[in-house]
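These are the residues of each chain, in order.
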Amino acid sequence: MDPGLGITGYGVIESNSGGFQVLAAGVVQTLSKIPLEQRLMTLHSALESLLKEHCPAVLVLEELYSHSRHPATAITMAHARGVVCLAAARQGIPVVGYAARRVKQVITGNGAADKSQVNRMIEFHLNWRDPEAPLDVTDALSLGLTYLRLQETQSRMGRVLSESLRR
């Protein structure tokens, strides 16, 4: 999930023996002209509905990054991120966070990759393309794919370790 107060991107990915499949992807939007507490409630309600509908095993979230030149942006993102964490906690869903640089490293092999490179790799690895979708959706899908890829790697490492211990 790529949290934002105006737009929060989400993606639901399933891992299966043939690879990965996108089950759902989109955005939750709030209007900037309504009060903050109403925007947060709208975001929370939409997220709870999505979590109940898709029942994910884990919610993957971009870690908060703050640049000293844009403190207000970090604060509004923190509001949205807190609502996402609350919605997940209320459903008993664990939350995992990754820094944007880590996601780019896992998805493209380059921690400094730009959004277009990440987008192309998401299209390739997930066989998913929606030219109308905002980048928030691609960001959310890249977070989910990062989690699945890292879990896959840990699983393989565990198998190798257990095999070597049996010898």
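Conventions and cut-offs
- Residues numbered from 1 in each chain as written.
- Predicted model: local features only at pLDDT ≥ 70, side-chain atom pairs only at ≥ 80, totals over all residues.
- Heavy atoms only, no water.
- Helix = DSSP H or I, 4+ residues; strand = E, 2+ residues; numbered from the N terminus.
- Rg over C-alpha atoms; globule rule 2.2 N^0.38 Å.
- Buried < 20%, exposed > 50% of the residue type's maximum accessible area, 1.4 Å probe, protein only.
- Areas by Shrake-Rupley, 256 points an atom, 1.4 Å probe, with all protein chains shown as cover.
- Axes fitted to C-alpha atoms, helices over the stretch in contact; angles between N-to-C directions.
- Left-handed = near helix turned anticlockwise from the far one by under 90°.
- Contact = heavy atoms within 4.5 Å.
- Nonpolar A, V, L, I, M, F, W, Y, C, P; charged D, E, K, R; others polar.
- Salt bridge = Lys/Arg side-chain N within 4 Å of Asp/Glu carboxyl O.
- Pairing = 2+ DSSP bridges.
- Parallel < 35°, antiparallel > 145°, perpendicular 65-115°, else oblique.
- Arc of directions from axis to C-beta.
- Core = buried A, V, L, I, M, F, W, Y, C linked by side-chain atoms within 4.5 Å.

1. Regarding the overall build of the protein chain
So, point 1. Broken down by element type, the protein chain carries five helices and four strands.
So, point 2. Against the compact-globule benchmark of 15 Å for 167 residues, the protein chain has a radius of gyration of 17 Å, which places it among compact chains.
So, point 3. Expressed along its principal axes, the backbone C-alpha trace of the protein chain runs to roughly 65 × 35 × 30 Å.
So, point 4. Looking at the protein chain residue by residue over its 167 residues, the buried ones come to 37%.
So, point 5. Counting every atom, the protein chain has about 9,800 Å² of accessible surface; 53% of that belongs to carbon and sulfur.

2. Section: the packing of helix α1 (residues 36–54) against helix α2 (residues 71–90)
So, point 1. Contact pair α1 / α2: the axes reach a minimum separation of 9 Å and the direction vectors enclose 35°. For α1 against α2, the interelement crossing comes out right-handed. Counting all contacts with α1, which are made through Leu 36, Leu 40, Leu 43, His 44, Leu 47, Glu 48 and Leu 51, the residues of α2 involved are His 79, Ala 80, Val 83, Val 84, Leu 86, Ala 87, Ala 88 and Arg 90.
So, point 2. Of the residues belonging to the contact of α1 with α2, the class tally is 11 nonpolar, two polar and two charged.

3. Some thoughts on the pattern of salt bridges
So, point 1. For the coordinates displayed, the defined rule picks out three salt bridges.
So, point 2. With a closest N to O distance of 2.7 Å, Glu 48 and Arg 90 form a salt bridge. Residue Glu 48 is located in helix α1, and its partner Arg 90 is located in helix α2; the two are separated by 42 residues in the primary sequence.
So, point 3. When its relative accessible area of 56% is taken as the criterion, Arg 90 is described as exposed.
So, point 4. Of the charged contacts, one joins Arg 129 and Glu 123 as a salt bridge, the two residues approaching to 3.5 Å between their closest N and O atoms.

4. Details of the pairing of strand β2 (residues 19–29)
Where a strand is regular, its side chains alternate between the two sheet faces.
So, point 1. Examined bridge by bridge, strand β1 (residues 7–16) and β2 share 10 bridges and lie antiparallel to one another. In the sheet register, Gly 9 faces β2, and the bridge partner there is Val 27.
So, point 2. Between the end of β1 and the start of β2, which pair antiparallel, lie two residues.

5. Structural notes on the packing of helix α3 (residues 100–108) against helix α4 (residues 115–126)
The geometry of a pair of packed helices is captured by two quantities: the angle between their axes and the separation between those axes.
So, point 1. At a minimum axis distance of 9 Å, the contact between α3 and α4 shows a crossing angle of 50°. Taken together, the axes of α3 and α4 are oblique relative to one another. The crossing of α3 and α4 is left-handed. Of the residues in α4, those in contact with Lys 104, Ile 107 and Thr 108 of α3 are Gln 117, Val 118, Met 121, Ile 122 and His 125.
So, point 2. Of the residues contributing to the contact of α3 with α4, the split by class is four nonpolar, three polar and one charged.

6. Comments concerning α3
So, point 1. All of the buried residues in α3 are Val 103, Val 106 and Ile 107. Taken down its axis, α3 places every buried residue within 95° of arc, on the same side.
So, point 2. Immediately beyond the C-terminal end of α3, within one or two residues, lies Gly 109, with a positive phi of roughly 90°.

7. Some words on the nonpolar core
Nonpolar side chains in soluble globular proteins generally cluster together in the buried interior.
So, point 1. In terms of nonpolar packing, the biggest core is built from 20 residues, with Ile 13, Tyr 98, Ile 122, Leu 126, Trp 128, Leu 141 and Leu 145 touching the most fellow members.
So, point 2. For this core, the secondary structure elements donating two or more residues are β2, α3, α4 and α5 (135–166).
So, point 3. Counting residues per element, this core draws most heavily on α5, at seven residues.
So, point 4. In contact with Leu 145, not counting residues within four places along its chain, are Ile 13, Phe 20, Ile 107, Ile 122, His 125 and Leu 126.
So, point 5. By size, the runner-up hydrophobic cluster in this structure holds 19 residues, among which are Met 1, Leu 47, Leu 50 and Leu 59.

8. A look at the environment of Gln 91
So, point 1. Tracing the chain through its elements places Gln 91 in the loop between α2 and β4 (95–98).
So, point 2. A C-alpha to C-alpha distance of 9.8 Å links Gln 91 and Pro 56, two positions 35 residues apart in sequence.
So, point 3. For Gln 91, the contacting residues outside a window of four places in its chain are Glu 48, Leu 51 and Lys 52.

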